[in-house]
Each structure stands twice: as structure tokens, then as C-alpha cells.
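Working through the structure, step by step
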Amino acid sequence: DSGSFGVFVRGQRVVTETFSVQQDNGVSVVKSQLKETSGSASPGQRSELQMTSTGELVRYEWSDGSGSLVVTPKDEFLLEKITTGATAKPAEQPFLMPSTSAILDNNFFIHRAALVWRYLAADCHTEAGGLKCQQGPVEFGVLVPQDRTSMRVRMELVGREKVSIRGTERDLLRLNLLGESFSWTLWVDDKDQFKLMRVLIADANTEVVRDSDDAATSRH
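The notes below deal with the structure included here.

Calculation rules
Residues numbered from 1 in each chain as written. Predicted model: local features only at pLDDT ≥ 70, side-chain atom pairs only at ≥ 80, totals over all residues. Heavy atoms only, no water. Phe/Tyr/Trp six-rings, centres within 6.5 Å; stacked < 30°, edge-to-face > 60°. Core = buried A, V, L, I, M, F, W, Y, C linked by side-chain atoms within 4.5 Å. Buried < 20%, exposed > 50% of the residue type's maximum accessible area, 1.4 Å probe, protein only. Helix = DSSP H or I, 4+ residues; strand = E, 2+ residues; numbered from the N terminus. Contact = heavy atoms within 4.5 Å. Disulfide = S-S within 2.5 Å. Polar contact = N/O pair within 3.5 Å; in protein donor to acceptor, adjacent residues only side chain to side chain. Pairing = 2+ DSSP bridges. 1 Å grid on protein atoms, 1.4 Å probe; cavity = no way out; pocket = protein on both sides within 12 Å on 5 of 7 lines; lining within 4 Å. Points joined across faces, edges and corners; volume = space filled by probe spheres on them. Nonpolar A, V, L, I, M, F, W, Y, C, P; charged D, E, K, R; others polar.

Below, the discussion takes up the packing of aromatic side chains. Following the criterion strictly, the structure yields three aromatic pairs and no others. Through a chain of ring-to-ring contacts, three or more aromatic side chains come together here, namely F109, F182 and W184.

Here you go:
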């Protein structure tokens, strides 16, 4: 999968996330770049997430031009190394979490898509031409590297809904992603490789919409 998301706050586009998801020798590589729409001189944020086909973390990297961090598995831990300046010695923070923990870093919506795919692959199956998932929400342990924190989140398939995407009505699958302090609604296209099409964060007046392929291509 590859393309871009427009991030809208109160109807105004503020950020574009350009992403790609590729598989190479059994490792999935999820790359993403965030650019502010305002034309700010900031280099934006970049991330690269590497996972095995079974969802185990190989490596996660993030940078924003002034700082960077790396997360790798180490024994029974996930080890995060944070660098805040060109010469600063990296700070280290271990998390007692298995390597199968999901990465859900701030502002990267493709990470939410990866969690949706993981949920659908592990907890759902096709039955009578439709998708059937286990009853009730499924819980995941996740790491938010930029916040240096871990949490539990729950995901649940709600069902099929008609949703307007860029003025066109689409028939999509709705999922809810819930945490202790947030509630997100996600819609994926089950007729097109379960691509993430829209995210609604009602509490923050924020909507994320997948750009058309033409729009995504023109920005590269």
C-alpha cells in the first residue's frame, strides 16, 4: 500500500502524511513522512517501522530534524534510545513489553492502519461472503515512542456503513479504536485490500481522509 492522508482540524487541512508499506524477505516496512500544509520551513517528521510477518518488532525509527529515537527488542524488553541533539548521548528507556507489542506513535495514521490489518488477520475470518470477528473488543499492548509511554488499546469491528469520502458515498467497514483517554472511528475498504480510508477523532475535531491516488501522486 502507498499513498497519502490529509489531516483536517475543524475542516482545515493542516498536515499531509505520505506513506508506503512494503514487504521484503518476510519483513514489512512501513515508512511515513509528515509535512505541515502551512509551508513551514520545518523538515517535518519521518518514521520507519519494521516488523516480521507475525507482527514482531524488528526496529522503529523516528526523527524530526532536531531529535530522533530508535526502538528495538532486547531480551524480554523493548529498548528505546532517544537523542535530542547532535552531540547528546542517547537516553535509554526500557519497557517490559514483548516484541509483538504494536507501535502507535503520535500523528502517524498508517500505524493505525497496520493495527487494523493485524486485528483483521488474527481475530477475524470470512464467513458466508462477509467478515466475522470475535465477539467484543480485542485488546492490544502498544508503545507510543514519542511520549515514551505504553498503554492498552481495544479494537472492535462495528460493521458496514455508508461514508462520504471527498464527496463520494462509499460502502466501508467501520472499526472503533478505544483507549483510556481517546475514542477513534476508522473506516477501511474491504474491497480494496482493507485500505484505511477515513479516521474520525470527534473529541479533537479532527478528520483524516485518504487522498485520491492522483492527488497523492502529484505531491511526490
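Another point: the nonpolar core. Counting 47 residues, the largest nonpolar core has Y60 and Y119 as its most contacted members. In terms of residue count, helix α1 (residues 109-123) provides more of this core than any other element does, seven residues in total. If we skip the residues at most four places from it in the chain, Y60 touches S47, E48, L49, L69, V70, V71, I103, D105, F108, H111 and P145. In terms of nonpolar packing, the next biggest core, distinct from the first, is built from six residues, V163, I165, L172 and V209 among them.

This part takes up the state of the cysteines. Linking two cysteines covalently via their sulfur atoms produces the bond known as a disulfide. The tally for this structure, following the rule as stated, stands at one disulfide. A sulfur-sulfur separation of 2.0 Å characterises the disulfide bridge that pairs C124 with C133. As the torsion about the S-S bond is roughly 105°, the C124-C133 disulfide counts as right-handed. The residues C124 and C133 share a single accessibility class, namely buried.

Our focus in this paragraph is the side chain of S28. Checked against the element boundaries, S28 lands in strand β3 (residues 27-36). Of the residues examined, S28 reaches a relative accessible area of 13% and is grouped as buried. One polar contact links S28 to Q23, side chain to side chain, over a distance of 3.3 Å.

Here strand β10 (residues 124-127) pairs with strand β11 (residues 130-133) via four bridges, running antiparallel. Counted as the bridge partner of C124 is C133 from β11.

The subject of this paragraph is the pairing of strand β14 (residues 168-178). Across eleven bridges, the pairing between strand β13 (residues 149-165) and β14 is antiparallel. When the bridges of β14 are listed, S164 appears paired with E169. A loop of two residues connects β13 with β14, the two strands running antiparallel in sequence, and R166 in this loop sits at a positive phi of about 50°. In terms of strand pairing, β14 meets strand β15 (residues 183-189) through six bridges, oriented antiparallel. Opposite L178, over in β15, you have S183 as the bridge partner.

This part is about the layout of surface pockets. One simple way to see leftover space: roll a probe sized like a water molecule over the atoms. Reported here for the largest pocket is a volume of approximately 540 Å³. What lines the largest pocket is a set of 24 residues, and nearest its centre among them are S28, M51, A114, W117 and R118. Put simply, the parts of the chain that give the lining of the largest pocket at least two residues each are β2 (12-24), β3, β4 (45-52), β9 (102-103) and α1. With six residues, α1 is the largest single contributor of residues to the lining of the largest pocket. In terms of residue class, the lining of the largest pocket is built from twelve nonpolar, ten polar and two charged. The computed volume of the second largest pocket comes to approximately 460 Å³. If you go around the second largest pocket, you meet 26 residues; those closest to its centre are N106, N107, F109, R112 and W184. Looking at the lining of the second largest pocket element by element, the count peaks at three residues for β3. Considered class by class, the residues forming the lining of the second largest pocket number 14 nonpolar, eight polar and four charged.

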